[in-house]
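One letter stands for each residue in the lines below.
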Amino acid sequence: PFEVLVVGGGPAGAAASVYTARKGFSTGIAAERFGGQVLDTMGIENFISVPYTEGPKLARQLEAHVAEYDIDVMNLQKAVKLVPASQTGGYHTIELENGAELKARTLILSTGARWRNLGVPGEFEYRNRGVAYCPHCDGPLFKGKRVAVIGGGNSGVEAAIDLAGIVGHVTLVEFDTKLRADQVLQDKLRSMTNVDILVNAQTTEVTGDGERVDGLVYKDRESGEEHKVELEGVFVQIGLVPNTEWLKDSGIALSKFGEIEIDGHAATNLPGIFAAGDCTTVPYKQIVIAMGEGSKAALSAFDFLIRNANP
Ligand code: FAD
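Here the structure is a predicted model, which is why all the values come from computation and not from measurement.

**A few points about the packing of helix α1 (residues 11–22) against helix α2 (residues 55–67)**
For the pair α1 and α2, the least separation of the axes is 9 Å and the interaxial angle reads 20°. The angle between α1 and α2 places the two elements in the roughly parallel class. Between α1 and α2 lies a crossing whose hand is left-handed. Between α1 and α2, the contacting residues are Pro-11, Ala-14, Ser-17 and Val-18 on the first element and Leu-62, His-65 and Val-66 on the second. Here the contact of α1 with α2 is built from residues that sort into five nonpolar, two polar and no charged.

Structural data, given as structure tokens:
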């Protein structure tokens, strides 16, 4: 059994494990894919103090940092069930897909999230070559260019407002007959002169020249006609889904979006169980934030372990 078991090996989980190992606690990490979303990222320009890096390189550095300590890394292991301790300070159980059970006095849940895909031709092919998911990360790469934002909810409209200040022109594409974002955001967007808003428009393809994105095809859902918009970038903003389906019957409180509810100390509603990063209610999903949250959850686990003996 572990004193600390981290579930998830992205930036949040890696940070958490380094912190608890440095406190001298026996620490394990079970991760479906060590590295997390960072593995799918190309250029990273907002990891503060590192002006430029690339996802696979950062993932290797996370691995190297974790390897500096006596941390039991269980890669390619998916957690499927959590059974909380029956008494405060007792052992929680994590069940893995392969049937194995891991026990730990504290858990740090850091299973991250995944962007919902459009699922249209060209989206996968041109990922990181014009198709992007994070305006904070990739917006500046499209300075002066034409982009589309797919999705008219709060995140899509916020992204469009953000991008309109950086890029040359933004086309917002919404499937529904109207935008769903808060009115104040819609008003702000409509006041911007370099933005077109298309509603009732179904994106059917992202097109490219073999190297990079060169346009987007959408179907007018009223007339059934297809139209092409020429542009250099497509930001997909149709939802970020937390990887928390496996926690549904565990007793861990989740928000209506499926995010693990945490307080300012990264504590969940269950004693000895903490959570960090994109799988939680923490606002803004970014690498530096996930690392900070992982560190915070680790220090909270430390605090819990020194206060609660094993019953
Ligand atoms: P994740 O990175 O999602 O890691 C989750 C971990 O949990 C993974 O190891 C995963 O395999 C594991 N896991 C999931 N489910 C289970 C399970 N049931 N059992 C066991 N393990 C599980 N942020 C920036 O700051 N700058 C950028 O430039 C940037 N660019 C991005 C580009 C792309 C294409 C994407 C997708 C994201 C980008 N982000 C960027 C966001 C950033 O990657 C995330 O905010 C960050 O990775 C979150 O870290 P995390 O540790 O919370 O979760």
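**Notes on the nonpolar core**
Core analysis: the biggest nonpolar cluster contains 53 residues, and Leu-5, Ala-16, Ile-108, Phe-274, Ala-275, Ala-276 and Ala-297 have the highest contact counts within it. Each residue touching Ala-275, except ones within four places of it in the same chain, is listed here: Ile-108, Leu-109, Ser-110, Ile-260, Ile-262, Ala-266, Thr-268, Thr-280 and Ala-297. Membership of the second largest hydrophobic core comes to 33 residues, among which are Ile-161, Leu-172, Val-213 and Leu-231.

**A few points about the sheet that holds strand β11 (residues 146–150)**
Read from one edge of the open sheet, five strands run β10-β17-β11-β12-β13, paired in parallel fashion. The open sheet has two free edges, formed respectively by β10 (131–132) and β13 (195–198), since each of these has just one partner strand. Taken together, the five bridges between β11 and strand β12 (residues 169–173) define a ladder with parallel strand orientation. Residue pairing in the sheet places Ile-150 in a bridge with Val-173 of β12. Sheet strands in contact with helix α4 (residues 154–164) are β11, β12, β13 and β17 (233–236), and its direction is about 165° off that of β11.

**Here's the deal with the pairing of β13**
The side chains of a regular strand alternate, first on one face of the sheet and then on the other. The pairing of β12 with β13 spans four bridges and is classified as parallel. Note on β13: the bridge partner recorded for Thr-171 is Asp-196. Of the crossover connections in this fold, the one passing from β12 over helix α5 (residues 183–190) to the parallel β13 is right-handed.

Conventions used here
- Residues numbered from 1 in each chain as written.
- Predicted model: local features only at pLDDT ≥ 70, side-chain atom pairs only at ≥ 80, totals over all residues.
- Axes fitted to C-alpha atoms, helices over the stretch in contact; angles between N-to-C directions.
- Helix = DSSP H or I, 4+ residues; strand = E, 2+ residues; numbered from the N terminus.
- Parallel < 35°, antiparallel > 145°, perpendicular 65-115°, else oblique.
- Left-handed = near helix turned anticlockwise from the far one by under 90°.
- Contact = placed C-beta atoms within 7 Å.
- Nonpolar A, V, L, I, M, F, W, Y, C, P; charged D, E, K, R; others polar.
- Core = buried A, V, L, I, M, F, W, Y, C linked by C-beta atoms within 7 Å.
- Buried ≥ 20, exposed ≤ 12 C-beta atoms within 10 Å, placed from the backbone.
- Pairing = 2+ DSSP bridges.
- Right-handed = clockwise from strand over helix to strand, strands pointing away.

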